[in-house]
Amino acid sequence: MPHPMAGTAGTPGTPRVLRAMNDRTALNLLLEHGPLSRTRIGRLTGLSKPTASQLLARLEAAGLVLATGTTEGHPGPSAQLYEVNPAAAHAAGLDVTPRRIRAAVADITGRTVGRHELPTPGRRSATPVVQQVTDALDGAVKAAGLARRDIHHLVIGTPGAFDPNTGRLRYASHLPGWHSPTLLDELAAALPMPFEYENDVNLVALAEQRLGAARDHTDFVLLWNQEGLGAALVLGGRLHRGWTGGAGEVGFLPVPGAPLVRHVTRTNSGGFQELAGAQALPGLARELGIDDIPPGPYTEQAAALLERAAASPPDDEPPHRLLRAYATRLATGLASLVSVLDPELVVLSGTGLTSGGEVLRALVQAELEELAVPRPRLVLGGVREHPVLRGALESALATTRDEVFDTSR
């Protein structure tokens, strides 16, 4: 289907603006399809061959596209192929947790070209947060064979959210060193590139919207369950963050069967997070008579318990009792969300959910339909490898492309 081109109502119709819109459409097509010939670009955009040739020559001169190979092996004469120049710009993302900082660099096509991971120092460490960030970023930049100045934009994902009214991190008391009111100013002074910060679960939702289970959906809820339990809300195609950035902090949601969260100081205590967070699974398993709990951190224990239960035969009662009980707990909190928001889709993400596979998903779907009037479709998240980091890169790349691909300037 041809992509809509310039000339829509309300759009300035100057030749320069029209050319820029056509350029951006062609670049988006190259990102979506990979290498394309001049003829194919003309067909997809509705441009004539001479106009498509001029467009490609202009983008090649600007360093935004490269001639790469030909269509040899196809019927008819061979044709020159063009692709987006991967080196036109680079973006970076950081995924920050209390245990580690994971960093990555991607070229403008979205291909990851450098990764690095650093353990997060403990609460008594004297290493400033700014140094932790720059060390992690420098490791990924070095792995990509680049320098800091080559990074066009950076997005930092953390638990909680920076309150836009105060500039302080909220809802993440378990992240030591990140609560200084001057932190964002210190980061801006230390980093040579523009940067943004975003809630980690919001970034997972962005990754699912761009690359995963929520593609083509404008209204959905993402429930995340791994180190913590939280949600992201996408309404009308846009992330809903709330007045203080706290929209989706459903771990604190009051639910039957769990103590109220009176003080947001103890990690994973009270509310929905204590009822259905990944940390609750080992204890729930013991209550149901399952004694062979896998060793390791609770996230690994939960993932192993869910995988084992989902793979067990239907007549193996204890594992399936665990899945049913856990599904009921998950649906208890989800019922409040879907009753208020009535989303089209609910995406289940994080190893505390996806490790249960289709078996757990179907049980949660059935339980939710018993508890709430709205009946959204539940799906498992499709972005499984480092989804927070992938979302940070996608966010940074979107900003980078908007700026680098703007040929109207």
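Structure first, text after, so check above.
### Notes on the overall build of the protein
Thinking step 1. The helix and strand inventory of the protein stands at 13 helices and 15 strands.
Thinking step 2. Computed over C-alpha atoms, the radius of gyration of the protein comes to 24 Å, within 12% of the 22 Å expected from 2.2 N^0.38 for 409 residues, which places it in the range of a compact globule.
Thinking step 3. In terms of overall dimensions, the protein has C-alpha extents of about 70 × 50 × 45 Å along its principal axes.
Thinking step 4. The 409 residues of the protein split such that 50% are buried.
Thinking step 5. Nonlocal contacts in the protein, meaning residues at least 24 apart in sequence, comprise 60% of its contacts between residues at least 6 apart.
Thinking step 6. On the protein, roughly 18900 Å² of surface is accessible, and the fraction owed to carbon and sulfur atoms is 51%.
Thinking step 7. Of the side chains in the protein, 38 bear a positive and 42 a negative charge, and the two mean positions are spaced by 4 Å.

### Re the pattern of salt bridges
Thinking step 1. In total, this model carries 15 salt bridges according to the counting rule given.
Thinking step 2. Here R99 ties to E227 by a salt bridge, and the two come within 3.3 Å at their closest N and O atoms. Residue R99 is found in the loop between β4 (90–96) and β5 (100–107), and its partner E227 is found in the loop between β11 (220–225) and β12 (229–235); the two are separated by 128 residues along the sequence.
Thinking step 3. When its relative accessible area of 24% is taken as the criterion, E227 is described as partly exposed.

### Brief notes about helix α1 (residues 15–33)
Thinking step 1. Over its 19 residues, α1 runs 27 Å from end to end, which matches the ideal 27 Å to within 8%, given 1.5 Å per residue.
Thinking step 2. Turning to α1, its buried residues number three or more, namely A20, N22, D23, T25, A26, L27, L29 and L30.
Thinking step 3. Those residues of α1 that are buried are in contact with β1 (36–37), α2 (38–45), α3 (49–61), β2 (65–70) and β3 (80–84).
Thinking step 4. Immediately beyond the C-terminal end of α1, within one or two residues, lies G34, with a positive phi of roughly 85°.

### Remarks on the nonpolar core
Thinking step 1. Core analysis: the biggest nonpolar cluster contains 40 residues, and L223, L330, L334, L360 and L368 have the highest contact counts within it.
Thinking step 2. Every element with two or more residues in this core is listed here: β11, β12, α7 (271–276), α8 (281–287), α9 (298–311), α10 (317–341), β14 (345–349) and α12 (357–371).
Thinking step 3. Top contributing element to this core by residue count: α10, with ten residues.
Thinking step 4. Counting residues in each nonpolar core, the second largest holds 28 residues, with A136, F162, W178 and M193 among its members.

### A look at the sheet that holds β3
Thinking step 1. Taken in spatial order, the three strands of this open sheet run β1-β3-β2, and their pairing is antiparallel. Each edge of the sheet is formed by a strand with only one pairing partner; in this case those strands are β1 and β2.
Thinking step 2. Sheet analysis places β2 next to β3, joined by four bridges and oriented antiparallel. By the bridge assignment, A67 is partnered in β3 with Y82.
Thinking step 3. Lying over the sheet, α1 contacts β1, β2 and β3, oriented at roughly 95° with respect to β3.

### Focus: the sheet that holds β5
Picture the strands of a sheet paired through backbone hydrogen bonds; they go either parallel or antiparallel.
Thinking step 1. If you trace the five strands from one edge of the open sheet to the other, you get β6-β5-β4-β7-β10, paired in mixed fashion. What marks the edges here is a single partner per strand, and that holds for β6 (112–119) and β10 (195–199). On average, each strand axis in the sheet is tilted by 15° relative to the strand beside it, whichever way the strands run.
Thinking step 2. In this structure, strand β7 (residues 151–158) lies alongside β10, joined through five bridges in parallel fashion. Residue pairing for β10: G157 is matched across the bridge by E198.
Thinking step 3. Sheet strands touched by helix α13 (residues 387–404): β4, β5, β6, β7 and β10. Its angle to β4, the strand with the most contacts, is close to 150°.

Quick notes on the rules
- Residues numbered from 1 in each chain as written.
- Predicted model: local features only at pLDDT ≥ 70, side-chain atom pairs only at ≥ 80, totals over all residues.
- Heavy atoms only, no water.
- Helix = DSSP H or I, 4+ residues; strand = E, 2+ residues; numbered from the N terminus.
- Rg over C-alpha atoms; globule rule 2.2 N^0.38 Å.
- Buried < 20%, exposed > 50% of the residue type's maximum accessible area, 1.4 Å probe, protein only.
- Contact = heavy atoms within 4.5 Å.
- Areas by Shrake-Rupley, 256 points an atom, 1.4 Å probe, with all protein chains shown as cover.
- Lys, Arg positive; Asp, Glu negative; His and termini not counted.
- Charge placed at Lys NZ, Arg CZ, Asp CG, Glu CD.
- Salt bridge = Lys/Arg side-chain N within 4 Å of Asp/Glu carboxyl O.
- Expected span 1.5 Å × (residues − 1).
- Core = buried A, V, L, I, M, F, W, Y, C linked by side-chain atoms within 4.5 Å.
- Pairing = 2+ DSSP bridges.
- Axes fitted to C-alpha atoms, helices over the stretch in contact; angles between N-to-C directions.

Geometric descriptors of this kind do not, in isolation, establish any biological role.
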